[in-house]
Amino acid sequence: MSAAQEIAGAGTAVTDLRCEYAVNPLGIGVRRPRLSWRLLSSRRGAAQVACQIRVASSVDALGDEAALLWDSGRLDTSESLHHCYGGPEPASGARCFWQVRVWDERGVVSAWSAPGWWELGLLEPADWTAQWIAPGWVEDPAVPQPSPLLRREFSLAKPVARARLYVTAHGLYRCEINGRRVGDVLLTPGWTSYHHRLLVQSYDVTALLREGDNALGAMLGEGWYRGRIGAVGGLRCAYGERLALLAQLVIEHADGTRTTVGSDAAWQAATGPILASGIYDGEIYDARLERDGWSLPGAGAEWEPVQVAARPLDNLRAWSGPYVRRMEEVAPVAVAQRADARFIYDFGQNIAGWTRLAVRGAAGTVVTLRHAEVLDAQGNLYTANLRSAQQTDRYTLR
């Protein structure tokens, strides 16, 4: 018997608290979220007949009736799904803590559950002090372009108690702070009808910041926004011709003051090793062009000014749902060498991911990786079903 079952043996316990389907969600876009939970009991036939929810602005305040944001009181219901928060609407960025207790079919009340929480993102255009920014140089959107690097340095004179990064892009983005990647999610901000609904991600970046000098950076990619998409032939610039970033870093200090660092004209831009990238066609990467430490303080020499872009804020929506993440590492099940110095790596399945390779050679040597979904009868790559998609990566050694 598990420890949880032993605890529940004396009655019915409340577990697995979820807000808007998620455990302790960060940056939600719902002011009155739906709250759900599960019951745990080792007794057959145990059932909820009533529940009570309480919500507060801190864990300590949950035990102080006068400090609660909301107390549902006893609700005579067997439902443990989608109880809407009924207290005052919290402000953007606010965190709310909550607990539940239930009465079972015998009339016995459970202990209060362990606290859960939810935290709101930036919900209104007025919450944004950041501006849309784009690289300042001229581009030809008709053909694939290098992925821009954007950066901003700033200094913090006080200890950091809590920090949140709210970010989205026209195109794809990946952020770094002080040389360390922000989060582990991929293909952000995701594919939507960008003109109508552009998703914003929220990140807890408290551990990435420090007193003194800091740097915030972002790399942009064409993705679905400007890259080639479409089932027949492929279409570029379906949503726009210029990539852009919108990022707002909100820092709360130990003394209660706040510092906000947003994307604006103070940022800098440069190109890096990614010369082209596309969901259909793959990536061209020249390692000789890497900018080591580009997201660290002091790495801004020979960078160019950015351009502040006029882009809307009223279509921004907080992310909801599961993210794309790296889930596992898959090794080839077979390797075959061809007479022309090509190698066929068979992974035994059709997957979505990317290739990792270790290679050594002279600077300027190009390694080409061609991807396909199936092999033909002779064991060669079969690419006819890819139509015009190149699915080719080219890596130049440094």
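In case you missed it, the structure is sitting above this.
Our subject in this report is the structure included herewith. Treat the numbers as computed from the prediction; the structure is a model and nothing was measured.

Observations regarding the overall build of the protein
Working step 1: Scanning the protein from N- to C-terminus turns up 2 helices and 30 strands.
Working step 2: Dimensions along the principal axes, computed over C-alpha positions, put the protein at roughly 75 × 55 × 40 Å.
Working step 3: The buried share among the 398 residues of the protein stands at 40%.
Working step 4: Across the protein, contacts joining residues at least 24 apart in sequence account for 72% of those joining residues at least 6 apart.
Working step 5: Accessible surface computed for the protein: about 20700 Å², of which carbon and sulfur atoms make up 51%.
Working step 6: Each charge sign in the protein was given a centre, from 41 positive and 43 negative side chains, and these centres are 2 Å apart.

What to know about a nonpolar patch on the surface
Working step 1: A grouping of L275, I284 and L289 is seen on the molecular surface, where their side chains present a nonpolar patch of about 210 Å² in accessible area.
Working step 2: Residue class for L275 comes out partly exposed when judged on its relative accessible area of 31%.

Things to note about the layout of surface pockets
Working step 1: Put simply, the second largest pocket is a space of about 800 Å³.
Working step 2: When contributions to the lining of the second largest pocket are tallied by element, the ones reaching two or more residues are strand 2 (26–28), strand 15 (198–204) and strand 23 (316–318).
Working step 3: The dominant element in the lining of the second largest pocket, judged by the number of residues it contributes, is strand 15, at 6 residues.

Some words on the nonpolar core
Working step 1: Ranked by internal contacts, the top residues of the largest apolar core, which has 49 residues, are L165, V205, L209, L245 and L249.
Working step 2: Considering each element in turn, this core owes the most residues, 7 residues, to strand 17 (residues 244–253).
Working step 3: Not counting residues up to four positions away in its chain, the partners in contact with L165 are C175, V182, Q201, S202, Y203, V205, L216, A247, Q248 and L249.
Working step 4: Counting residues in each nonpolar core, the second largest holds 17 residues, with L17, C19, C96 and V100 among its members.

A few points about the sheet that holds strand 1 (residues 13–19)
Working step 1: With antiparallel pairing, 3 strands are arranged side by side in an open sheet as 1-3-6. A strand with exactly one partner marks an edge of an open sheet, and here the two such strands are strand 1 and strand 6 (83–84).
Working step 2: Where strand 3 (residues 34–40) and strand 6 come together, 2 bridges link them in antiparallel fashion. Its bridge partner lying in strand 6, L35 is registered against H83.

Some details on the packing of aromatic side chains
Working step 1: Taken as a whole, this structure holds 9 aromatic pairs when the rule is applied.
Working step 2: With centroids separated by 5.4 Å and ring planes inclined at 65°, the aromatic side chains of Y85 and W118 adopt a geometry described as edge-to-face. Here Y85, found in the loop between strand 6 and strand 7 (95–104), pairs with W118, found in strand 8 (residues 116–120); they are 33 residues apart in sequence, far enough to count as distant. The pair Y85 / W118 is uniform in exposure class, with both members buried.
Working step 3: Taken together, the aromatic side chains of W70, Y85 and W118 make up a single cluster linked through ring pairs.

Some remarks on the side chain of Q248
Working step 1: Note that Q248 resides in strand 17.
Working step 2: In this structure Q248 comes out as buried when scored by relative accessible area, which is 3%.
Working step 3: When near neighbours in sequence (up to four residues on either side) are disregarded, Q248 contacts L122, D127, W128, T129, A130, R164, L165, Y166, T260, V261 and G262.

As for the pairing of strand 17
Working step 1: A large share of strand 17 lies buried, amounting to 9 of its 10 residues.
Working step 2: Bridging between strand 17 and strand 18 (residues 258–262) involves 5 bridges; their strand directions are antiparallel. Its bridge partner lying in strand 18, L249 is registered against V261.
Working step 3: The turn linking strand 17 back onto strand 18 is made up of 4 residues, and G256 within it adopts a positive phi angle of 95°.

Structural notes on unusual backbone geometry
Working step 1: Residue T188 is joined to P189 through a cis peptide bond whose omega torsion reads 10°.
Working step 2: Structurally, P189 is set in the loop between strand 14 (185–186) and strand 15.
Working step 3: A positive phi angle, close to 75°, is found at Y21, a residue other than glycine.
Working step 4: Along the chain, Y21 falls in the loop between strand 1 and strand 2.
Working step 5: A positive phi is found at H82, a non-glycine position, where the angle reads about 60°.
Working step 6: When you line up the elements, H82 lands in the loop between strand 5 (70–71) and strand 6.
Working step 7: For H82, a relative accessible area of 36% translates into the label partly exposed.

Examining the side chain of T192
Working step 1: Inspection of the secondary structure assignment puts T192 in the loop between strand 14 and strand 15.
Working step 2: Residues within four places of T192 in sequence aside, it is in contact with R197, L198, L199 and Y239.

Considering empty space enclosed by the protein
Working step 1: The tally for this structure, following the rule as stated, stands at 1 cavity of 30 Å³ or more.
Working step 2: By volume, the largest cavity is sized at about 50 Å³.
Working step 3: Taken together, Y173, R174, C175, R181, V182, V185, T188 and Y203 form the lining of the largest cavity.
Working step 4: For the lining of the largest cavity, the leading source of residues is strand 12 (residues 172–177), giving 3 residues.
Working step 5: Partitioning the lining of the largest cavity into residue classes produces 5 nonpolar, 1 polar and 2 charged.

Quick word on the environment of S388
Working step 1: Within the element layout of this structure, S388 appears in the loop between strand 29 (381–382) and strand 30 (392–396).
Working step 2: Judged by its relative accessible area of 34%, S388 falls in the partly exposed class.
Working step 3: Residues S388 and G234, 154 residues apart in the sequence, show an inter-C-alpha distance of 7.7 Å.

Conventions used here
Residues numbered from 1 in each chain as written. Predicted model: local features only at pLDDT ≥ 70, side-chain atom pairs only at ≥ 80, totals over all residues. Heavy atoms only, no water. Helix = DSSP H or I, 4+ residues; strand = E, 2+ residues; numbered from the N terminus. Buried < 20%, exposed > 50% of the residue type's maximum accessible area, 1.4 Å probe, protein only. Contact = heavy atoms within 4.5 Å. Areas by Shrake-Rupley, 256 points an atom, 1.4 Å probe, with all protein chains shown as cover. Lys, Arg positive; Asp, Glu negative; His and termini not counted. Charge placed at Lys NZ, Arg CZ, Asp CG, Glu CD. Patch = residues over 30% accessible without salt bridge, like charges linked within 9 Å, V, L, I, M, F, W, Y side chains within 5 Å. Salt bridge = Lys/Arg side-chain N within 4 Å of Asp/Glu carboxyl O. 1 Å grid on protein atoms, 1.4 Å probe; cavity = no way out; pocket = protein on both sides within 12 Å on 5 of 7 lines; lining within 4 Å. Points joined across faces, edges and corners; volume = space filled by probe spheres on them. Core = buried A, V, L, I, M, F, W, Y, C linked by side-chain atoms within 4.5 Å. Pairing = 2+ DSSP bridges. Phe/Tyr/Trp six-rings, centres within 6.5 Å; stacked < 30°, edge-to-face > 60°. Nonpolar A, V, L, I, M, F, W, Y, C, P; charged D, E, K, R; others polar.

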